[in-house]
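# Survey of secondary and tertiary structure
As a plain string of letters, each chain reads:
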Amino acid sequence: GLLPSLRGKPRHYVWSVAEYIGRRVRIVLVDQRSQKDRDVVCSGFQMRPLNAFQKEVFKSEILALAKKHSLRELESYSSIHFQGFSNANEDFTIAQMRRCETMYSHFFSHFRKKGFRLNVPVERMMVTIFRQQQGLVAYMRSPLPLGVTGLYHPPTNRLVVYDFGNNRALKAHEKKESEAAQKTDNVVARRIIESKLERRLSSIRNLANISTIMHETAHQLSFNTGMLNRKGDVPVWLAEGLACYCESTDNGVWKGIGKWNPLRASSLRQAGTKHVALRDLIKSNEWLHGPQGRQNANVGYAQSWALFHMLITEEPEGLRRYMKLIFSRRTPDHRLTDFAQVFGANLEKLEKRHHDYIKRKLLSR
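Cut-offs used in this document
One numbering rule holds for all chains: residues counted from 1, following each sequence as written. pLDDT decides what is reported in this predicted model: residues at 70 or higher carry local features, side-chain atom pairs at 80 or more are listed and counted, and totals for whole chains, interfaces and linings draw on all residues regardless. Excluding hydrogens and water, the side-chain values take into account all heavy atoms of the structure. Each pair of aromatic rings taken from Phe, Tyr and Trp, with Trp reduced to its six-membered ring, is defined by centres within 6.5 Å and is described as stacked if the planes are under 30 degrees apart, edge-to-face if over 60, and tilted in the remaining cases. Only DSSP runs of H or I with at least four residues qualify as helices, and only runs of E with at least two residues qualify as strands; both kinds are numbered from the N terminus onward. Two residues form a contact once any of their heavy atoms are found within 4.5 Å. Here a polar contact is recorded for every N or O atom pair within 3.5 Å, except that within protein the pair must consist of a potential hydrogen donor and a potential acceptor, and residues adjacent in sequence are included only if both atoms are side-chain atoms. Residues belong to a common nonpolar core when they are buried Ala, Val, Leu, Ile, Met, Phe, Trp, Tyr or Cys residues joined through side-chain atoms within 4.5 Å. Only protein chains enter the area calculation, which uses a 1.4 Å probe; residues under 20% of their type maximum are buried, those over 50% are exposed, and those in between are partly exposed.

Applying the stated rule across the entire model yields 15 aromatic pairs. Connected via pairs of aromatic rings, a cluster forms that spans Phe107, Phe111, Phe116, Tyr245 and Phe308.

Looking at where aspartate 233 falls in the secondary structure, it is placed in the loop between helix H5 (187–224) and helix H6 (236–247). Considering only alpha carbons, one finds aspartate 233 and glutamine 54, 179 residues apart in sequence, at a separation of 26 Å. Setting aside anything within four residues of it in sequence, one finds aspartate 233 in contact with Ile326, Arg329, Arg330, Thr331, Pro332 and Arg335. A polar contact of 2.7 Å, which involves the side chain of aspartate 233, links it to the side chain of arginine 335.

Of all hydrophobic cores here, the largest spans 72 residues; its most connected members are Phe107, Phe111, Leu319 and Tyr322. With 11 residues, helix H10 (residues 293–314) is the single largest residue contributor to this core. Aside from chain neighbours lying at most four places away, what touches phenylalanine 111 is Phe116, Leu118, Met227, Leu242, Tyr245, Cys246, Ile257, Phe308 and Ile312. Residues Phe58, Ile62, Ala66 and Leu136 belong to the second largest nonpolar core, which totals 20 residues.

Structural data, given as structure tokens:
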């Protein structure tokens, strides 16, 4: 459905032909209406490099967003596989872009060794790095919980993060602790308290920033390499379990894909026996997006990590078959039958195995 002219000017249309590289492409416009004053006019075709075109569109949208919400202007940053725009500190931005590239190389190496066939993305993946939470909220056009430090946005295929060092709750805590330290009369004791506070907050900031960029880049890669279908029905447990499998960070250092994840293991310990039922985890996204979502989030993410960890460790071929089976799904009504077809219909037995795996492999450290 081509649209009529706008204010007397013809509309511009864009067709991506990146997937047809090496082939002859014919674009045909057919006027199916008989109105003589509504002719379809076709002229001015241009072939544009995909990355250059995407960068221009990305830039115009981000600059318009910054202007609308009075954000600090965003600068362009490019790496081999990623196109970024950022208004955060330059050193921080460069470090985050490098982490995206680190995840890219490790992602291909790790999952290909596990037998997955990965497509190489034909365009640079887009990353927005904001200095403060305000930018992330403006991008999403809705309030977000204070704990959300970044996200991958499937509709736009973009990764959006901000510097957790500027998190409002963290800043408020820092101010409160600093004011308490100032009341200490002993100068040496005050300096020791302030030094410990600085190290602790720096550690929290690094943990959040590193694990977030690794987690969200894993999301972006899983949808851009053909592991998961961005336009299909992807169970939350699978998408988040895969990303948690890739995010593991400890003492301010990323540990690598598939390594033990202390953050998720801690959530499992704290939850004790209060887990999301395996059937609910698999069947729908209600465990996260429903009324109990905020309450279930930490343990649900941790269980998803544990389930993905178990399946890729013990049944990698089955996991590949399952992901291939659900790739074309568009609705969630097949989730239980698809899972049962590959991993067995006895969910009680599988749930027991899942809990045993958590105790034996993930909480025994």
